[in-house]
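Below, each chain spelled out in residue letters.
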Amino acid sequence: MNYVVKRAKNRLIPFSSIGILIVIAFVGTMLGALIYYSLPALMKEGLLVYTTNKWDPNTNFFGGLAAIYGTFVVSLVAITIVMLLAVGSAIFLNEFALGKLKEFLIIVSDLMVGFPTVIYGFWGLYVLGPTLNPTLFTWLHKKLGFLPLFSTTPIGGSYLLAASVLAIMITPFASSLIREIYAQVPEVMVEGIYALGLTRWDAIKIKLSYIAKSLIGALSLALGRGIGETMAVVLTIGGALKVSTSLLSPGITIPSLIANQFGSAYTQIEQSALFSLALLLFVTGMSFIVIAKLVLLRGSLK
């Protein structure tokens, strides 16, 4: 029996190697294409493509600082919200939900992962935005308006609204990862915790500390997936090409700038500037995914 299994594994090795090489070739081709089409803008403007906030077709100068800033802000706020929601839901499903309720919630969560992102965008635009702007966001502005983070009046799309929609969109994905990681805590450790007379909440805190590295990896993987989101963010961020410290102000991200401008980008330099921003987004997203995979691998080997 072992001989048969070994032969089957040996036959699968060439096919798996070919699959890996194909994936590497695709990623390399994508990276090469982005670099190639980014060169005209990078050679003309250099790093000013990334460090200036001026998008002016009349003077043929294009700087995407506002989009880079918006991408960073939306991603940071979104992953903060995701951390609370995903960890909380993973704890509830593993510790408190039982039987049919647990199965139902897992099915709903898994279904939400597959929803088209444009649905989240329209829901954020027509439901979440009109609900949060006159209530929570207005309250934040009135009570905490002396802080730069909430200094503007919420009237439509904003960094915070886009981050909220993005967080809701990627929470099911992050929750499924964290749920599986949380469930892999050794049973002998759990038995030891309760043998010492500790409470369930003490056990939860110890489990979270045990899976801390894997938790960071899962959140990084979720962020890597959401950082390049386009439609949901385009519909909810407002599309203002400016840098603002207020989360209640409209802004823009790299994907939304590309979606808004690429169709009307008639000059080679403008198209190349968009490719330069896409290159930065590609490298950033891939970095998050690689780091997350390494952290998850180290956590699984612990």
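Residues numbered from 1 in each chain as written. Predicted model: local features only at pLDDT ≥ 70, side-chain atom pairs only at ≥ 80, totals over all residues. Heavy atoms only, no water.

Brief notes about the side chain of Ser276
Its place among the elements puts Ser276 in helix α12 (residues 268-300). Since its relative accessible area comes to 0%, Ser276 is described here as buried. (Helix = DSSP H or I, 4+ residues; strand = E, 2+ residues; numbered from the N terminus. Buried < 20%, exposed > 50% of the residue type's maximum accessible area, 1.4 Å probe, protein only.)

Structural notes on a nonpolar patch on the surface
On the surface, Leu31, Ile35, Tyr36, Tyr37, Leu39, Met43 and Val283 cluster together into a nonpolar patch covering about 700 Å² of accessible area. Top contributing element to the nonpolar patch by residue count: helix α1 (residues 2-45), with six residues. Mapping Met43 onto the fold places it in helix α1. (Patch = residues over 30% accessible without salt bridge, like charges linked within 9 Å, V, L, I, M, F, W, Y side chains within 5 Å. Areas by Shrake-Rupley, 256 points an atom, 1.4 Å probe, with all protein chains shown as cover. Salt bridge = Lys/Arg side-chain N within 4 Å of Asp/Glu carboxyl O.)

Brief notes about the environment of Val233
Relative to the elements of secondary structure, Val233 occurs in helix α10 (residues 231-234). The spatial distance from the C-alpha of Val233 to the C-alpha of Pro255 is 8.2 Å, given a sequence separation of 22 residues. Dropping the residues within four chain positions of it, Val233 is found in contact with Ala162 and Thr253. (Contact = heavy atoms within 4.5 Å.)

Examining the pattern of salt bridges
What the rule picks out here adds up to three salt bridges. For Asp110, the salt bridge identified is with Arg179, shortest N-O distance 3.9 Å. You can see Asp110 sitting in helix α4 (residues 99-113) and its partner Arg179 sitting in helix α6 (residues 159-183), a full 69 residues away along the chain. For Arg179, a relative accessible area of 7% puts it in the buried group. In this structure, Lys205 engages Asp202 in a salt bridge whose closest nitrogen and oxygen atoms are separated by 3.8 Å. Taken together, the positions of Lys205 and Asp202, both in helix α8 (residues 200-210) and three residues apart, correspond to about one turn of that helix.

Topic: the nonpolar core
Within the largest apolar cluster, 44 residues are counted, with the highest numbers of intra-cluster contacts made by Val74, Val82, Phe137, Leu160, Ile178 and Leu247. For this core, the secondary structure elements donating two or more residues are α3 (65-95), α5 (117-144), α6, α9 (212-226) and α10. Sorting elements by how many residues they give to this core places α6 first, with 14 residues. Beyond its immediate chain neighbours, meaning those up to four positions away, Val82 contacts Val87, Ala167, Ile170, Thr171, Ala174 and Leu219. Listed in part, the 18 residues of the second largest apolar core include Ala66, Ala67, Leu274 and Leu277. (Core = buried A, V, L, I, M, F, W, Y, C linked by side-chain atoms within 4.5 Å.)

Comments concerning the packing of aromatic side chains
The full count for this structure, using the stated rule, is nine aromatic pairs. Between the aromatic rings of Tyr37 and Phe275, the centroid separation amounts to 5.1 Å while the plane-to-plane angle is 25°, which identifies the pairing as stacked. One end of the pair, Tyr37, is in helix α1; the other, Phe275, is in helix α12, with 238 residues separating them in the sequence. Given the relative accessible area of 43%, Tyr37 is considered partly exposed. Relative accessible area serves as the criterion here: at 22%, Phe275 is assigned to the partly exposed category. Each ring, one from Phe96 and one from Trp201, has its centre 5.6 Å from the other, and the planes form 40°; the classification is tilted. (Phe/Tyr/Trp six-rings, centres within 6.5 Å; stacked < 30°, edge-to-face > 60°.)

Topic: the packing of α3 against α6
Orientation of α3 relative to α6, taken along the N-to-C sense of each, is 40°, at an axis distance of 6 Å. If you check the angle between α3 and α6, you find them oblique. Classified by chirality, the crossing of α6 by α3 is right-handed. (Axes fitted to C-alpha atoms, helices over the stretch in contact; angles between N-to-C directions. Parallel < 35°, antiparallel > 145°, perpendicular 65-115°, else oblique. Left-handed = near helix turned anticlockwise from the far one by under 90°.)

Let's talk about the environment of Phe96
Tracing the sequence through the fold places Phe96 in the loop between α3 and α4. Sequence separation between Phe96 and Pro172 is 76 residues, and the spatial gap between their C-alpha atoms is 18 Å. When sequence neighbours within four positions are dropped, the list of residues in contact with Phe96 reads Ile91, Arg200, Trp201 and Ile204.

Quick notes on unusual backbone geometry
Even without glycine at this site, Asn60 takes up a positive phi of about 60°. Here Asn60 lies in the loop between β1 (55-56) and β2 (61-62).

Quick notes on the packing of α4 against α6
Between α4 and α6, the least distance of the axes is 8 Å, while the angle of their chain directions is 125°. What the angle tells us is that α4 and α6 run oblique. Crossing of α4 against α6: the hand is left-handed. Together, Ile106, Ser109, Asp110, Met112 and Val113 of α4 and Ile168, Pro172, Phe173, Ser176 and Arg179 of α6 make up the contact between the two elements. Here the residues of the contact of α4 with α6 sort into six nonpolar, two polar and two charged. (Nonpolar A, V, L, I, M, F, W, Y, C, P; charged D, E, K, R; others polar.)

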